[in-house]
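# Examination of the molecular architecture
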Amino acid sequence: MAKQIKKQPPKTFLLLFILIGLYFCIVGSFPVKIEIKKLQSVTEAQIHRKSMIPPFKNIDLIIPNLKQAVITSSRSSKGQASYRVELEGYNGYLYPVTTYYSSGYNSKLSLQTQINNAIKNGTDFNHTICQTFFLFFGALFVTIPLLMLFVVAKANRVKNNIQETKTTQQIRQSMQNQQTQTISDSENKKYEDINDSIIK
């Protein structure tokens, strides 16, 4: 028995996925900027980023007395670790550079080292972080429904082609049967005429 082809997913479901993907793409397109400046006897740091809620207003975090950069981690239920860099002030507060944790410990370690060297040497430091984490999820959420539409459309085309082929074969078979029946009727008529003429 042939497998039934799944129906096309609801358009509202696919549209929701695409909208979520576009949202992540928009958020991911906003870079995070770090500025560190030596001001007399203290080091000031600023983190510039956009809010994650429309209309995506600018958010400026100011650490007036920067102590150091640290790496914090978070573990999933499966034990997988993700990381982010945070700036620690002398007040004891931690200011996350990004709002999310992500993989790539070495890149976080490199950023931490650069920031701590700038603090130690009393030099200015500027760095921009591209939020590829959000861009990845955005691309994923947009691609999945488009692939679903493509697969379902292709499956429907194959199904329609099969149905059209069967219909064409049935029509041809029916026409052949009609022709055969017509020829048979014609032959029978001839035999009847011959028999009638013999009897007469």
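First, a word on scope: everything that follows refers to the structure included in this document.

Conventions adopted
- Residues numbered from 1 in each chain as written.
- Predicted model: local features only at pLDDT ≥ 70, side-chain atom pairs only at ≥ 80, totals over all residues.
- Heavy atoms only, no water.
- Helix = DSSP H or I, 4+ residues; strand = E, 2+ residues; numbered from the N terminus.
- Buried < 20%, exposed > 50% of the residue type's maximum accessible area, 1.4 Å probe, protein only.
- Contact = heavy atoms within 4.5 Å.
- Areas by Shrake-Rupley, 256 points an atom, 1.4 Å probe, with all protein chains shown as cover.
- Pairing = 2+ DSSP bridges.
- Axes fitted to C-alpha atoms, helices over the stretch in contact; angles between N-to-C directions.
- Phe/Tyr/Trp six-rings, centres within 6.5 Å; stacked < 30°, edge-to-face > 60°.
- Lys NZ or Arg CZ within 6 Å of the ring centre and 35° of its normal.

The next point concerns the overall build of the protein chain. Helix and strand content of the protein chain: three helices and seven strands. In the protein chain, the order of α-helices and β-strands from amino to carboxyl end is α-β-β-β-β-β-β-α-β-α. Burial statistics for the protein chain: of 200 residues in total, 24% are counted as buried. Within the protein chain, counting contacts between residues at least 6 apart in sequence, those at least 24 apart form 52% of the total. Summing over all exposed atoms, the protein chain offers an accessible surface of approximately 14,400 Å²; the carbon and sulfur share of this is 58%.

Next up on the list: the sheet that holds strand β5 (residues 81-89). Overall, antiparallel pairing links the three strands, which are arranged β4-β5-β6 in an open sheet. Only two strands of the sheet have a single neighbouring strand rather than two, namely β4 (66-75) and β6 (94-96). Along the sheet, successive strands turn relative to each other by an average axial angle of 35°, direction set aside. Sheet topology places β5 next to β6; three bridges connect them, and they run antiparallel. Looking at β6, one finds that E88 is bridged to L94. Strands β4 and β5 of the sheet are contacted by helix α2 (residues 105-121), whose axis makes an angle of about 165° with β4.

Next up on the list: the sheet that holds strand β2 (residues 42-50). Read across the open sheet, the four strands follow the order β3-β2-β1-β7; overall the sheet is antiparallel. Only two strands of the sheet have a single partner each, and these edge strands are β3 (58-63) and β7 (125-129). Taking each pair of neighbouring strands and ignoring which way they run, the sheet shows an average axis angle of 15°. Two elements, strand β1 (residues 32-39) and β7, share five bridges in a ladder whose sense is antiparallel. Paired with I36 across the bridge in β7 is F125. On the sheet, α2 packs against β1, β2 and β7 and is oriented at approximately 160° with respect to β7.

With respect to the secondary-structure elements, N121 resides in helix α2. Among the residues examined, N121 registers a relative accessible area of 55% and is labelled exposed. Taking C-alpha positions, N121 is 9.5 Å from K38, a pair spaced 83 residues apart along the chain.

For any pair of aromatic rings, geometry is given as the distance between the ring centres together with the angle between the planes. Summed over the entire model, instances satisfying the criterion amount to 14 aromatic pairs. Where F24 meets F137, the ring centres are 6.2 Å apart and the plane angle is 40°; that geometry is what we call tilted. Taken together, the positions of F24 in helix α1 (residues 11-28) and F137 in helix α3 (residues 132-199) put the pair 113 residues apart, joining distant regions of the chain. The class for F24 is buried, based on a relative accessible area of 19%. Taken together, the aromatic side chains of F13, F17, Y23, F24, F30, F56, Y100, F133, F134, F136, F137 and F141 make up a single cluster linked through ring pairs. Positioned over the ring face of F30 is K50, at 5.6 Å from the centre of the ring.

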